[in-house]
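# Descriptive structure summary
One letter stands for each residue in the lines below.
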Amino acid sequence: MSILVYTENWDGKFKKLSYELVSFAAAIAKELESSVTAISIGNVSEEELKSLGNYGANKVLNLVDDKYDSFDNKALSSAIGSAAIEESAKVVLFAHNNIGKAVAPRVSVKLDAGFVSGITALPVSYDPFVVKKKVFTGKATANVKFDTDVKVITFSQNSYEVVETDNNVVIEAFNPAVSEGDFTTIVKDTNKVTGQVLLSDAEIVVSGGRGMKSGDNWGGLEELAKILGAGLACSRPVSDEGWRSHSEHVGQTGKIIAPNLYFAFGISGAIQHLGGVSSSKVIVAVNKDAEAPIFETSDYGIIGDVNIVIPKLIEGLQEMKA
């Protein structure tokens, strides 16, 4: 019996998200007196694969096949489901991101397993197996009990500490029998953003809303993000107006993020927006409307005009760095 973790890589490199998942799996495995098997799909060096052992993986299944480069959900779920069966996995873990949310439900069907998305902490109990997740767009938490032998879970990013450990890891080639009919997605072109901090990786996120008044006023936010080494985001009305790219839209209908520090400039705090950022460790809100809902959720609030506050913050940070 083992715990299986799907560890994503980006251009052959693992990021904090994957190490966090393996650390989380290792903590569960300790309680269940089990082991952790990671599955890696893609062209990843042996040294990079071994790094998973530094966070608790006992074994790594290495699947190298260019056919999976399309990230076809059907093919990925078939491969990961086969790995779970081969490893007799009782718990299968995914990140609660776009890929995890697309593939995990398919895997649960293949394994006849229970499925819970977006858990935020170690299980409340192991017998019965009960996990905790946020509900009502982060305003409350719920304990969910599994009644199935196999459990499939997506885990919210930045909800568990990355824990390094000394561990010998075994790397095995893995070649599941996946039908050619499962590969139905064709990628004709790929355009990647370069030179920017990706929102999914950012420890700090600087975000702007309709209170910024215009897309022409984003220069201050861009400078602030550069000083902080932060990712840039926006609310949905901003992307709908065309002030910023939809790739920066965070919220219930956009990207779900959980940075350590989230700055909300000129964002009122609609429930749809809070649903995508409520897992942030610390939220700092700046809004001239003292009654804005964002202040009910924020840890720190500044009542003021963003066009006055942002330059002051930049000035203060520059002085501090100097």
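This text goes with the structure placed above it.
Here is what the cut-offs are and how they apply
The numbers attached to residues start from 1 for each chain and follow its sequence in the written order. In keeping with the model being predicted, local features are shown solely for residues with a pLDDT of at least 70 and side-chain atom pairs are shown and tallied solely at 80 or more, while totals for entire chains, interfaces and linings include all residues. For side-chain calculations, the full set of non-hydrogen atoms in the structure is used, while hydrogens and water are omitted. Elements are defined by DSSP. Helices are runs of H or I of four residues or more, strands are runs of E of two residues or more, and each kind is numbered from the N terminus. Residues count as neighbours in contact if any of their non-hydrogen atoms are within 4.5 Å of one another. Only the protein chains shown count as cover for residues, and the accessible areas themselves come from Shrake-Rupley with a 1.4 Å probe. Charged-residue counts in this description rest on Lys and Arg as positive and Asp and Glu as negative, His and the chain ends being excluded. Charge positions are represented by NZ for Lys, CZ for Arg, CG for Asp and CD for Glu. Whenever a helix is involved, its axis is fitted only over the stretch in contact; in every case the axis is a line through C-alpha atoms, and angles between N-to-C directions fall within 0 to 180 degrees. Roughly parallel covers angles under 35 degrees, roughly antiparallel covers those over 145, roughly perpendicular covers 65 to 115, and oblique covers all other angles. Left-handed describes a crossing whose near helix is turned anticlockwise from the far helix through less than a right angle; right-handed describes the clockwise counterpart. Think of it as three bins: nonpolar holds Ala, Val, Leu, Ile, Met, Phe, Trp, Tyr, Cys and Pro, charged holds Asp, Glu, Lys and Arg, and polar takes everything else, Gly as well. In this scheme, a residue with accessible area under 20% of its type's maximum is buried, one over 50% is exposed, and one in between is partly exposed, where area comes from a 1.4 Å probe on protein chains only. Polar contact is defined as a pair of N or O atoms within 3.5 Å, subject to the rule that within protein one atom must be able to donate a hydrogen and the other to accept it, and that residues adjacent in sequence are counted only when both atoms are side-chain atoms. Only when DSSP finds a minimum of two bridges between them are two strands counted as paired. Each pair of aromatic rings taken from Phe, Tyr and Trp, with Trp reduced to its six-membered ring, is defined by centres within 6.5 Å and is described as stacked if the planes are under 30 degrees apart, edge-to-face if over 60, and tilted in the remaining cases. Multiplying one less than the number of residues by 1.5 Å gives the expected span of a helix. Just to be clear on terms, a salt bridge is a Lys or Arg side-chain nitrogen sitting within 4 Å of an Asp or Glu carboxyl oxygen.

### Remarks on the overall build of the protein
The helix and strand tally for the protein stands at nine helices and 15 strands. When its C-alpha atoms are laid out on the principal axes, the protein stretches across 60 × 45 × 40 Å. Restricting to contacts in the protein with at least 6 residues of sequence separation, those with at least 24 account for 64%. For the protein, the accessible area works out to roughly 15800 Å², and carbon and sulfur atoms hold 48% of it. The positive charge centre, built from 30 side chains, and the negative charge centre, built from 40, are 4 Å apart in the protein.

### So, the packing of helix H3 (residues 73–86) against helix H4 (residues 98–110)
Here H3 crosses H4 at 55°, and the two axes come no closer than 9 Å. Comparing the axis directions of H3 and H4 gives the class oblique. Between H3 and H4 the crossing geometry is right-handed. Contacts between H3 and H4 involve Asn-73, Lys-74, Leu-76, Ser-77, Ser-78, Ile-80 and Gly-81 on the former and, on the latter, Ile-99, Ala-102, Val-103, Arg-106, Val-107 and Lys-110. Taken together, the residues of the contact of H3 with H4 break down into six nonpolar, four polar and three charged.

### Structural notes on unusual backbone geometry
With omega at 5°, the peptide bond leading from Asp-127 into Pro-128 counts as cis. Along the polypeptide, Pro-128 turns up in the loop between strand E6 (125–126) and strand E7 (129–135). Not every positive phi belongs to a glycine, and Phe-71 is a case in point at roughly 55°. Assignment of secondary structure puts Phe-71 in the loop between strand E3 (59–63) and H3. A residue is classified by how much of its surface remains accessible, and Phe-71, at 42% relative accessible area, is partly exposed. Of note, Lys-213 is a non-glycine position whose phi angle comes to about 75°, a positive value. In this fold, Lys-213 is placed in the loop between strand E11 (204–208) and helix H5 (219–228).

### Examining the environment of Glu-20
Structurally, Glu-20 is set in helix H1 (residues 16–32). Along the primary structure Glu-20 and Asp-69 are separated by 49 residues, whereas in three dimensions their C-alpha atoms are 23 Å apart. Setting aside chain neighbours within four positions, we find Glu-20 in contact with Phe-155, Ser-156, Gln-157, Asn-158, Ser-159, Tyr-160 and Val-162. Looking at Glu-20, its side chain comes within polar contact range of the main-chain nitrogen of Asn-158, at 2.8 Å. At 2.9 Å, the side chain of Glu-20 forms a polar contact with the backbone nitrogen of Tyr-160.

### With respect to the sheet that holds strand E15 (residues 300–303)
Pairing in this open sheet of five strands is parallel, and the strands run E12-E11-E13-E14-E15 from one edge to the other. Two strands close off the open sheet at either side, each with one partner strand: strand E12 (231–234) and E15. Along the sheet, successive strands turn relative to each other by an average axial angle of 15°, direction set aside. For strand E14 (residues 282–287) and E15, the ladder comprises four bridges, and the chain directions are parallel. For Val-284, the partnering residue across the bridge sits in E15 and is Tyr-300. Contacts from H5 reach E11, E12 and strand E13 (261–265) within the one sheet, and its direction differs from that of E11 by about 175°.

### Focus on the packing of aromatic side chains
Inspection of every chain in the model, using the stated rule, returns nine aromatic pairs. Plain terms: the ring middles of Tyr-126 and Phe-129 are 5.9 Å apart, the flat faces sit at 85° to each other, and that makes the pair edge-to-face. For Phe-129, a relative accessible area of 4% translates into the label buried. An aromatic cluster of three or more residues is present, and its members are Phe-14, Tyr-19 and Tyr-55.

### Quick notes on H1
Here H1 spans 24 Å end to end across 17 residues, near enough to the 24 Å set by a 1.5 Å rise per residue. For H1, every residue scored as buried is listed here: Leu-17, Ser-18, Tyr-19, Glu-20, Leu-21, Val-22, Ser-23, Phe-24, Ala-25, Ala-27, Ile-28 and Ala-29.

### Focus: the pattern of salt bridges
A full pass over the atoms with the stated rule returns 11 salt bridges. We note a salt bridge from Glu-248 to Arg-244, for which the minimum N-O separation is 2.9 Å. Classification of Glu-248 by relative accessible area gives buried; the value is 9%. We classify Arg-244 as buried; its relative accessible area is 16%.

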